[in-house]
Amino acid sequence: MENVHLVPEEEEDDLYTGYNDYNPTFDSEDLHNDVGFQQAVRTSHGRRPPMTAKYPGTAIGGRPIGTAYGSRMPVGTAMGRPMTGAVQDGAARPMTAVRAAGYSSSIARGSVFDPLGQSKGPAPPLETKNEDTPEEKIKILEKKVNDLIEESCLALARGDLQLNLEKAKEAGRKERALVRQREQTDTADHINLDLTYSVLFNLANQYANNDMYTEALNTYQVIVKNKMFNNAGRLKVNMANIYFKQKNYTKAIKFYRMALDQISNAHNAMRIKIMQNIGVVFIHMGQYSDAITSFEYIMTESPNIKTGFNLILCYYAIGDRDRMKKAFQKLICVPLGIDDDDKYIPPNDDPHANMVIEAIKNDKLHQMERERKALAEKYIMTSAKLIAPAIESSFAAGFDWCVDMVKGSQYVELANDLEINKAITYLRQRDFKQTVETLKMFEKKDSRVKSAAATNLSFLYFLEKDFDQADRYAELAMSADRYNPAALVNKGNTEFVKEDYEKAAEFYKEALRNDSSCTEALYNLGLTYKRLGRLEEALDCFLKLHAILRNSAQVMYQLANLYEMLEDPHQAIEWLMQLTSVTPTDAQVLAKLGDLYDNEGDKSQAFQYYYESYRYFPSNISVIEWLGAYYIDTQFCEKAIQYFERATLIQPTQVKWQLMVASCYRRSGNYQKALETYKDIHRKFPENVECLRFLVRLCTDMGLKEVQDYATKLKKVEKMKEIREQRVRSGRDSSARGRREGSAGSDSGQSNHGTSAKGERLSVKLKTLPGSNEPYEASTQLEIDASYVDPLGPQIQRPKTAARKRTEEDEFADEELGDDLLPE
């Protein structure tokens, strides 16, 4: 402002003076350095409206004003401002405003045109709210409470019950802190009752989900007693449900009725559900008449399938035949609210309609309709099977009445299923004749029912070992429905019995292609591969089956048996160990484990499992024999006596067990008891050579007088034995001569002789002489016959240390355990 000079009034006005003068007022770049301007801005003078010059020459001289054309002319008008009209020749157009739109004096100095001021950088951030105010703190706390409730609900949806309860409790603590804060700020009138209700209701629900029923009831009681909560009386239904879970049926009835009184008639659906709960509680209390009252009211007002089924149960419980029939008629007349399935059949001429029908054919709504229909059919079938034996003099007449009722209802397709259930009921009563007659009635029905009936007939004939009829009806079932896996399994079973294993395997494979979850086909296919010797393929079948049936004892045994056949005893032991976890008291499995450990040389583990097998089944001769031999081998002959005595009780006609008992007494040094046992054996079996030899030897060593009598008897018995053997040899020679005359007879004779010779060699191999430390070795050989052998040797198979080959008897035992076909 120091550079501003006023023009004297007496000077003459010059219209064109001052155009080239520069007025520093228009220079905005140096205003922040202008002390006077800054002072005026800070005072009220700077807020005054701008003044207009009344006198010419008010424009301040100095630098010429730069126009768009760069010329400099002094500014001067009659009124003291530049004129916009007349312009001198060659002069630039004078300015008409201090700052035009988008104009900046910096343009003339080479600056970039920036009317929006974007080159100044981003806008400054918004001012943050002050969170220290009480109202802001309350809002933040309310948001935290709502977030905790939401997290609790999400945890419940994930199944994390512990986390959802913790979040619900934390929400309760935050909500109480919120209420205290409002009371401190004198805003208690603005307490959010909806938030309080949500917190308490969620907490009560989570208590109930975690089975903390007392805490849940206390929390519900807090809500119910608070009159400020609208419609809180409905929560008494939840309280009644908790009392029902606690089996406190009296209080459950009380709270159900209290909730029923507080619900208006406008909410009829809820009232019906509460009435249904009351009826169920009465059933649990055994008060069927009160339950019938509730269910009859529901069937009058708003009938549904579950209530109709419960009503039939109550009538059945009190034995009212007529009302059972009426209730069944009401049940099959309950409307399901499901449209006809014909609407899902696409028309052939409208592609757009076809696309729509394909889209809705498997949507959620159609799935719900199918589930509702399946549930209704289940209840009707169960009701018919329940009341059929009770409503008429015989269950057949009752089934016929139910079938007639169903045929006249919307469930007409259930009539055939009821007929098949009638046949199954005959089967459970073991009336096979009536079962077959009932099923044969379906031979002229439609394909689905015919296939089901023929499948059952094939199954029955297969169980009765009438394999020709079983094969015939399996063929009939397959012709009616080629995709019936049960029929294919039965057909494969008939081929399996005929030992045509390749053909049986093809039928089992086809059944699996039609239904991959058919476990019977997979099991039988594994057995078929096992018979064909394709052990690896059989192993794959049973491993797949084990993935489906995790706790099937038969599958585990087959896996163990296959690994044993593949010479992998460790895997066989592993599968048998898993099998013992499913069937810990199976004596045969325990004995098999003992046998495997014995073959591996682990005597201690073998003894443990053999002993467990004997404990559960003390009549297995092979187990008894092994345990007795084990105790003899470990020099505990006294303990072996009890096992051989058990074998004597099981097989009293077998002399070897009694000889083993006497031998154990002799080995343990109890010669007197051994002598008494041998004498008892001699009385029962007077021609037994081994017994007489030991009697002679014992009497000689003990110096008894009976030695001569026993020696005489021994010679007679040996002579009789020689004569008998000579007769047998002469008979064999004559038969051998006769067999040489005919080739067929010769082959047969050689086979029999070879078998006998094999048995003799095996017997000789098992016989052993007494040990060198035996006290009987001191006896003179003149007094004892040279042919004497220890009877303990040929009578018992001692524990082995090496793996033995599987015999035909072992294979037969395996088949008896698990190689049974699974018919459909």
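Once a new chain begins, its residue numbering starts again from 1 and follows that chain's sequence as written. Given that this is a predicted model, residues contribute local features only at a pLDDT of at least 70 and side-chain atom pairs are listed and counted only at 80 or more, while totals for whole chains, interfaces and linings are drawn from all residues. The side-chain values count all of the structure's non-hydrogen atoms but skip hydrogen atoms and water molecules.

As a further point, take the overall build of the protein chain. Helix and strand content of the protein chain: 35 helices and two strands. For the protein chain, the proportion of its 824 residues judged to be buried stands at 38%. In what follows, a contact means two residues having at least one pair of non-hydrogen atoms within 4.5 Å. The long-range share in the protein chain, meaning contacts at least 24 apart out of those at least 6 apart in sequence, stands at 56%. Summing over all exposed atoms, the protein chain offers an accessible surface of approximately 48200 Å²; the carbon and sulfur share of this is 51%. Every helix listed is a DSSP run of H or I at least four residues long, and every strand listed is a run of E at least two residues long, numbered separately from the N terminus. Accessibility here uses a 1.4 Å probe with only protein chains present; expressed as a share of the type maximum, an area under 20% marks a residue as buried, one over 50% as exposed, and anything in between as partly exposed. Only the protein chains shown count as covering a residue, and every accessible area follows the Shrake-Rupley method with a 1.4 Å probe.

Note on definitions: salt bridges are taken to be side-chain nitrogens of Lys or Arg within 4 Å of carboxyl oxygens of Asp or Glu. A complete count under the given rule lists 19 salt bridges for this structure. Its salt-bridge partner being Arg 683, residue Asp 680 comes within 3.1 Å of it at the nearest N-O pair. One end of the pair is Asp 680 and the other is Arg 683, both in helix H30 (residues 671–684) and three residues apart, which spans about a single turn. Across the pair Arg 693 and Glu 718 runs a salt bridge whose closest N-O atoms are separated by 3.7 Å.

All right, on to the side chain of Thr 580 then. The topology assignment puts Thr 580 in helix H24 (residues 569–582). Not counting chain neighbours up to four residues away, the residues in contact with Thr 580 comprise Val 589, Leu 590 and Leu 593.

The subject of this paragraph is the packing of helix H13 (residues 364–391) against helix H14 (residues 395–407). Packing of H13 against H14 brings their axes to within 7 Å, and their N-to-C directions diverge by 135°. Judged on the interaxial angle alone, H14 and H13 are oblique. Here the hand of the crossing between H13 and H14 comes out right-handed. Along its contact with H13, which presents Ile 380, Ala 384, Lys 385, Ile 387, Ala 388, Pro 389 and Ile 391, the element H14 presents Phe 395, Gly 398, Phe 399, Trp 401, Cys 402 and Val 406. Think of it as three bins: nonpolar holds Ala, Val, Leu, Ile, Met, Phe, Trp, Tyr, Cys and Pro, charged holds Asp, Glu, Lys and Arg, and polar takes everything else, Gly as well. Of the residues assigned to the contact of H13 with H14, the class counts are eleven nonpolar, one polar and one charged. Inter-axis angles, ranging from 0 to 180 degrees, are taken between N-to-C directions of lines fitted to C-alpha atoms, where helices are fitted over the stretch in contact. Oblique is the label for any angle not under 35 degrees, not over 145, and not in the 65 to 115 range, which are roughly parallel, roughly antiparallel and roughly perpendicular in turn. Here a crossing is taken to be left-handed if its near helix is turned anticlockwise relative to the far helix by less than a right angle, and right-handed if that turn runs clockwise.

When pLDDT is averaged along the protein chain, the result is 76; 71% of the residues meet or exceed 70. Here residues 52–88 is modelled with pLDDT under 50, and outside its nearest four sequence neighbours on either side it reaches 119 contacts, counting other chains as well. Along the chain, pLDDT gives the predictor's confidence residue by residue, from 0 to 100. The low-confidence segment residues 743–818, where pLDDT is below 50, has 104 contacts with residues more than four positions distant or belonging to other chains.

Here the phi dihedral of Lys 465 falls at roughly 65°; this positive angle occurs in a residue that is not glycine. With respect to the helices and strands, Lys 465 occurs in the loop between helix H17 (447–463) and helix H18 (467–480). Of note, the phi angle at Glu 499 is positive, near 65°, even though the residue is not glycine. Among the secondary structure elements, Glu 499 is positioned in the loop between helix H19 (485–497) and helix H20 (501–514). Glu 499 gets classed as exposed once you look at its relative accessible area, which sits at 59%.

With that settled, the discussion passes to the packing of aromatic side chains. Ring pairs shown here join Phe, Tyr and Trp side chains whose ring centres sit within 6.5 Å, with only the six-membered ring taken for Trp; geometry is labelled stacked below 30 degrees between planes, edge-to-face above 60, and tilted in between. The tally for this structure, following the rule as stated, stands at 20 aromatic pairs. Relative to Tyr 631, the ring of Phe 607 lies with its centre 5.7 Å away and its plane at 80°, an arrangement referred to as edge-to-face. Here Phe 607 is found in helix H26 (residues 603–616), whereas its partner Tyr 631 is found in helix H27 (residues 621–633), with 24 residues between them in sequence. An angle of 15° between the planes, with centres 5.6 Å apart, marks the rings of Tyr 631 and Tyr 643 as stacked. Here Tyr 631 is found in helix H27, whereas its partner Tyr 643 is found in helix H28 (residues 637–650), with twelve residues between them in sequence.

Let us look at the environment of Trp 657. Tracing the backbone through its elements, the reader meets Trp 657 in helix H29 (residues 655–667). For Trp 657, a relative accessible area of 1% gives the class buried. Sequence separation between Trp 657 and Ile 641 is 16 residues, and the spatial gap between their C-alpha atoms is 9.7 Å. With sequence-adjacent residues up to four places away left out, Trp 657 is seen in contact with Ile 621, Glu 625, Phe 644, Ala 647, Thr 648 and Gln 651.

To continue, consider the packing of helix H10 (residues 305–318) against H13. For the pair H10 and H13, the least separation of the axes is 10 Å and the interaxial angle reads 15°. Relative to H13, H10 is oriented roughly parallel. Pair H10 / H13 crosses with left-handed handedness. Contacts between H10 and H13 involve Ile 305, Lys 306, Phe 309, Ile 312, Leu 313 and Tyr 316 from the first element and Leu 375, Ala 376, Tyr 379, Thr 382, Ser 383, Leu 386, Ile 387 and Ala 390 from the second. For the contact of H10 with H13, a count of residues per class yields eleven nonpolar, two polar and one charged.

Attention shifts here to the environment of Gln 654. As for its placement among the helices and strands, Gln 654 is situated in the loop between H28 and H29. As for Gln 654 and Phe 685, which are separated by 31 residues in sequence, their C-alpha atoms are 9.9 Å apart.

With that settled, the discussion passes to helix H3 (residues 161–184). Between the first and last C-alpha of H3 there are 35 Å, a value that for 24 residues agrees with the 34 Å anticipated at 1.5 Å per step. Taken together, the buried positions of H3 are occupied by Asn 164, Leu 165, Ala 168, Ala 171, Gly 172, Glu 175, Leu 178, Gln 181 and Arg 182. On the buried face of H3, the contacting elements are helix H2 (134–158) and helix H4 (193–209). Just downstream of H3, Asp 186 is the residue with a positive phi angle, here 60°. Between the first and last residue of a helix there are one fewer steps than residues, each counted as 1.5 Å, and that sum is the expected span.

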